[in-house]
Amino acid sequence: MTAEPPPTPPRKPGALQGVRVVEWGSLVSAPFCGKLLAELGAEVIKVEPPGIGDDGRNSGPFPRGVPHPERSGLFLFANLNKRGVTLNLTDAAGRGLLGRLLESADVFLENQPLELLRQTGLDYASLQVQHPRLVVTSISPYGRSGPYQEYRGYDLTANAMSGLSFGTGHPHREPLTTPMHQASYLAGVGGAFATIVALLGRDLTGRGQLVDVAEAQVIGTLLTGYHLPTYIYRGVAGWRSGNRMRLGLFPNCVLPCQDGYICIDAPQIEQYQRFLALLGEQDWMEEPRYRDRRAMSDQYPAEAESLIAPWFMQRTREEILQACLANRIPCVPVKTFDEVLADPQLNYRDYFQEVGRVEAGGYRYPGPPYRLSETPCRVVRPAPTLGQHNREILGGEVGISEAELAQLVRGGIV
Amino acid sequence: MSVLPLSNFRVVDFGTAWAGPMAASLLADLGAQVIKVESRARLDGLRLGRPIVGEDIAGGDRGRWPELQPVFHGINRNKLSVTLNLKSDEGRQLARELIVRSDVVMNNYSPGVLERLGLSYPELCQLQGDIILVSMPSVGETGPLRDILAYAPIIQALSGLMSRVGYSGDEQLVGELQAPWSDVVAAMHAALATVAALRHRNQTGQGQFIEVAQLEATISMLGEGLLDYQMSGQVAGPAGNYDPDFAPHNNYPCGGDDQWVSIAVRTDAEWQALCRAMGSPDWCGDPRFAGRPGRLVNVKDLDAGVESWTRGRSAGDVVQVLQQHGVAAMKVMNIEDQFTDPHLQQRQAYLEIEHPHVGIEWLYGMPWLLTGTPGGIRTPAPTLGQHNEYILCRLLGLPPGEFKRLQEAQVVY
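Residues numbered from 1 in each chain as written. Chains lettered and ligands numbered in written order. Predicted model: local features only at pLDDT ≥ 70, side-chain atom pairs only at ≥ 80, totals over all residues.

Asker: Please provide a residue-by-residue account of the overall build of chain B, values included.
Answerer: Helix and strand counts for chain B come out as 17 helices and 12 strands. Among the 413 residues that make up chain B, the fraction classed as buried is 56%. Put simply, of all contacts in chain B between residues at least 6 apart along the chain, 69% involve residues at least 24 apart. (Helix = DSSP H or I, 4+ residues; strand = E, 2+ residues; numbered from the N terminus. Buried ≥ 20, exposed ≤ 12 C-beta atoms within 10 Å, placed from the backbone. Contact = placed C-beta atoms within 7 Å.)

In structure tokens form, the structure reads like this:
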């Protein structure tokens, strides 16, 4: 007797099931925002210029460093779970087709230069006339209002305005931007949050709206905004303090050890006492100069760090981690990405997800940032190849005839 | 004033320190009624810390000190405060009664704390079938490291992000960003998952449990780094401000003390515009710089040329000239620059509010502009237990005598 295979449990719907998003995104911020919405169950259609595609396709990493528009790690990651069409939006016929897509959409998501939006009639002032219920999420380095609304920008310049770069790095060197376009990713997260809030608001008011997300402002408020009182009350506008957090309690820094770096951050007195016990009794521990943890952090941090540095230099990262875990001291290795992929904690929780695509090969991607018990995020499809769903969407769903589509392709519209 | 988009929702906020309270404040800024549950029995650490306002007094948790922390005021604005001592049975019971009247419960406790308080997800479901519970553990509620003590820099170290913050070459790793990066990243993702779950509940009537591991939220934005390793087989270290697709791409010194300007050039057209903006000096004609591959290989020589032009100029002038030519450039701003910048001012990045103990104070404003329903700072951060009477007597309907008894018994405390 053969056992029947167990029935496949029905797939739970995503939290955003039924939400339709049209994305005209480039590089990171809007594409990553679209990825988050798609991962939560929204249907996201990505619109790219014919023949060229999203500029993210030209950005690394690439397998063995060889550029190829279907193999960009940045693009593959930021466009998971979307379907893709190509439309030339600088042409009226292309814009007409976009208008058809927007008729049934809840959200239009873009991060294009304002000048281009105005030229193509896809700025909010124009869109809201035709589509009053549409939520338009517009992500840009500095925002769509204010004196710099037409300024050019990239992740580097958004980081510069955000205040984060100024404080990052060594005092005698140039300020450092965030690595791996983090300002753009963070704005993508904020854009996804604000988009869903606007959809909830539409349920109350019946109206769509413009959601204006500036990369520099997301960081300049939520991350660096807390420096404002220090400036207002103390007159301190900021400085770089290298490998240590400023205005903290010693120890709060990154230090070298035998085989790399560690990070220690032990503000609570009990944590610090357990750390000193681990170091073992030493003469300096009794000196008043080394009992004032605030002064050690603010006034002579290098000197203070030199007292604990030898203990780390004599040990490997794994030895340090095990000793600090056992003694409840917040101190861990600074991990590199090969180690992150092998991390026992993350793998115990099945964090990484394997995604393959014929043109690009299979890789382990970061998983969703959260776990929702009733509406789990999942990978439905890899990032689209350029124009992969033209026929399915423009033919099947918008209702363009085969002959018409062929003509649009010849004319460079699709 | 239009109705705020989250005004139909009530959130119980058990958050302490940064990640949890900020997640709830993102909801409060857009209209949710957020009730912060706190207690003198175990003060939110952010009410303490280093005083900035007024004299640098010693005082611990006594006197007015817990009301003087501007950082606390930033991420707890627009909230109500009720003081419930969760160490007492009656305090926990009052928390349950509050939860029954709420839509969302948020916490960033260590794994196991909610269970010990009798407020685990199954228990909350019995009270209120469609509740949304949001937990924000450091590395997850399961796994070998689940009980690790972790603050934002510790998470950043574990995520791989820190390994790429620094200068190229052999200078000591910087690692630290001067901001609680992972706290904010986790807060934003928790707020995002919450509103997605609220929409799902509006559609289906179904609540759920949401787990936002701060480590996983941080890594979810680092796909480039993970794929770079898998695609190249190489472990990348810090690269300063260099980017594999841009040249020039750096922060350049300007006239004045610690003044810098960021300049980013991707295309040949942008490079030619930069050359014109700089007055087409001879070195720009170097054939090595004509195409992007050559500029990327010779980026240090390119930097020397750009720096020779920026060094004698003010950052403001450089930005103005370059932007006129269509080149991406921006001053590397410190908090004074940001606070006084006309663009950020017009966009209300910083807002003032009157606080009962501090007077007028400036806090960060809205991180994103919902132009139809803007939100903002409606009320200052609450003083400890400021809304006890409203929440316990009006919302939960306790008689005045009972309220007084609970205060004296240090249940409301």
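Next comes the rest of the account.
Asker: I'd like to hear about the overall build of chain A, residue by residue, with values.
Answerer: Within chain A, the secondary structure is distributed over 18 helices and 12 strands. Counting only C-alpha atoms, chain A reaches 85 × 75 × 45 Å along its principal axes. Taking all contacts inside chain A whose residues are at least 6 apart in sequence as the whole, residues at least 24 apart take part in 69%.

Asker: Which residues make up the sheet that holds strand β5 (residues 132-135) of chain B, and what values do they have?
Answerer: The strand order across the open sheet formed by 7 strands is β12(A)-β6(B)-β5(B)-β4(B)-β1(B)-β2(B)-β3(B), and the pairing between neighbours is mixed. Each end of this open sheet is capped by a strand with a single partner; those strands are β12 (371-372) of chain A together with β3 (79-83) of chain B. When strand β1 (residues 10-13) of chain B meets strand β2 (residues 33-38) of chain B, the two strands line up parallel, connected through 4 bridges. Looking at β2(B), one finds that B:R10 is bridged to B:Q33. (Pairing = 2+ DSSP bridges.)

Asker: How would you summarise the domain arrangement of chain A if you had to cite specific residues and measurements?
Answerer: Each domain of chain A was delimited in the assignment, giving domain 1 (20-222 + 353-410) and domain 2 (252-335). For domain 1 of chain A versus domain 2 of chain A, the distance between C-alpha centres works out to 43 Å. (Domains from an automatic or database assignment.)

Asker: I'd love a proper account of the packing of helix α6 (residues 155-162) of chain A against helix α9 (residues 215-222) of chain A, names of residues and values included.
Answerer: All names here are of chain A. Remark: α6 packs on α9, axes separated minimally by 8 Å, with the N-to-C direction vectors making an angle of 30°. Comparing their axes, α9 and α6 come out roughly parallel. Between α6 and α9 lies a crossing of right-handed hand. Seen from α6, the contacting residues are A158, M161 and S162; seen from α9, they are E215, A216, I219 and G220. Tallied by class, residues from the contact of α6 with α9 come to 4 nonpolar, 2 polar and 1 charged. (Axes fitted to C-alpha atoms, helices over the stretch in contact; angles between N-to-C directions. Parallel < 35°, antiparallel > 145°, perpendicular 65-115°, else oblique. Left-handed = near helix turned anticlockwise from the far one by under 90°. Nonpolar A, V, L, I, M, F, W, Y, C, P; charged D, E, K, R; others polar.)

Asker: Go over the pairing of strand β8 (residues 260-265) of chain A with me, naming the residues and quoting the values.
Answerer: In summary, the side chains of a regular strand alternate between the two faces of the sheet. All names here are of chain A. For β8, a buried count of 5 out of 6 residues is recorded, marking the element as mostly surrounded by other parts of the structure. The antiparallel pairing of strand β7 (residues 252-257) with β8 creates a hairpin that spans 2 residues between the two strands. Strand direction decides the pairing type here: β8 and strand β9 (residues 331-333), joined by 3 bridges, are antiparallel. Looking at the pairing, I264 lines up with C331 of β9.

Asker: Account for the interface of chain A and chain B, with residues named and values stated.
Answerer: If you look at the interface, chain A gives 129 residues, while chain B gives 121 residues. Element by element, the count of residues in the side of chain A that touches chain B is highest for helix α8 (residues 182-205) of chain A, at 17 residues. Across the side of chain A that touches chain B, the residue classes tally to 73 nonpolar, 38 polar and 18 charged.

Asker: Can you explain the domain arrangement of chain B? Please cite residues and give values.
Answerer: The domains assigned to chain B are domain 1 (10-220 + 347-408) and domain 2 (249-333). Computed over C-alpha atoms only, the centres of domain 1 of chain B and domain 2 of chain B are separated by 43 Å.

Asker: Any details on the sheet that holds strand β9 (residues 328-331) of chain B? Residues and values, ideally.
Answerer: All names here are of chain B. If you trace the 3 strands from one edge of the open sheet to the other, you get β7-β8-β9, paired in antiparallel fashion. The open sheet has two edge strands, β7 (249-253) and β9, and neither has a second partner. Sheet twist, expressed as the mean angle between neighbouring strand axes with direction ignored, is 20°. Bridge analysis of strand β8 (residues 260-264) against β9 gives 4 bridges, and the strand direction is antiparallel. Following the sheet pairing, A264 is matched in β9 by A328. Contacts from helix α13 (residues 315-324) reach β8 and β9 within the one sheet, and its direction differs from that of β9 by about 160°.

Asker: Kindly report on the nonpolar core, identifying the contributing residues and their values.
Answerer: Formed by 241 residues in total, the largest nonpolar core has its most connected members in A:F193 and B:V134. The element that contributes the greatest number of residues to this core is helix α7 (residues 181-204) of chain B, accounting for 14 residues. B:V134 has contacts with B:V104, B:V105, B:M106, B:A190, B:A193, B:T194, B:I210 and B:V212, leaving out every residue within four places of it along the chain. (Core = buried A, V, L, I, M, F, W, Y, C linked by C-beta atoms within 7 Å.)

Asker: Provide a residue-level description of the packing of α8(A) against α7(B), including the pertinent values.
Answerer: In a pair of packed helices, the angle between the axes and the distance between the axes together describe the arrangement. Running from N to C, α8(A) and α7(B) point in directions that differ by 25°, and their axes come no closer than 9 Å. What the angle tells us is that α8(A) and α7(B) run roughly parallel. Crossing of α8(A) against α7(B): the hand is left-handed. Every residue of α7(B) that contacts α8(A) at A:L186, A:V189, A:G190, A:A192, A:F193, A:I196, A:V197, A:L199, A:L200 and A:D203 is listed here: B:V185, B:M188, B:H189, B:A191, B:L192, B:V195, B:A196, B:L198, B:R199 and B:N202.

Asker: How would you summarise unusual backbone geometry if you had to cite specific residues and measurements?
Answerer: Looking along the chain, the bond that leaves A:F250 and enters A:P251 is cis, with omega of -5°. Note on placement: A:P251 falls in the loop between α10 (228-234) and β7. Cis rather than trans, the peptide bond between B:A247 and B:P248 has omega equal to -5°. Tracing the backbone shows B:P248 in the loop between α9 (223-232) and β7. One non-glycine residue, A:N81, adopts positive backbone phi at about 75°.

Asker: Break down the environment of B:L27 for me, with residues and values.
Answerer: Residues and elements named next belong to chain B. Tracing the backbone through its elements, the reader meets L27 in helix α1 (residues 19-28). Remark: the alpha-carbon pair of L27 and N241, spanning 214 residues in sequence, is separated by 34 Å. Setting aside chain neighbours within four positions, we find L27 in contact with L6, V11, A32, V34, A191 and T194.

Asker: Before we move on, could you go through α9(A) and cite the residues and values that matter?
Answerer: Each turn of an α-helix holds 3.6 residues, which means side chains three or four residues apart point in the same direction. When you tally the buried positions in α9(A), you get 8 out of 8 residues, the bulk of the element. All buried positions along α9(A) are accounted for by A:E215, A:A216, A:Q217, A:V218, A:I219, A:G220, A:T221 and A:L222.

Asker: I'd like to hear about the confidence of the model for chain B, residue by residue, with values.
Answerer: Residues and elements named next belong to chain B. On average, residues of chain B carry a pLDDT of 95, and 96% of them reach 70 or more. Counting interchain partners and residues more than four positions distant, the pLDDT-below-50 stretch residues 56-61 has 6 contacts. Scoring the predicted complex yields pTM 0.97 and, for the interface, ipTM 0.97. (pLDDT = per-residue confidence, 0-100.)

Asker: Tell me what's going on with the environment of A:I400, and back it up with residues and numbers.
Answerer: Residue and element names in this part refer to chain A. Note that I400 resides in the loop between α17 (390-397) and α18 (402-410). Given 20 C-beta atoms within 10 Å, I400 falls into the buried group. Note: C-alpha distance between I400 and L97 (303 residues apart in sequence) is 9.4 Å. Filtering out sequence-adjacent residues up to four positions away, I400 remains in contact with L394, G395 and L405.

Asker: Break down helix α16 (residues 388-395) of chain B for me, citing the residues and quoting the values.
Answerer: Residue and element names in this part refer to chain B. Looking only at α16, the buried set comprises N388, I391 and L392. All buried residues of α16 fall inside an arc of 95° around its axis, so they share one side. Backbone geometry just downstream of α16 places G397 in the positive-phi region, at approximately 75°. (Arc of directions from axis to C-beta.)

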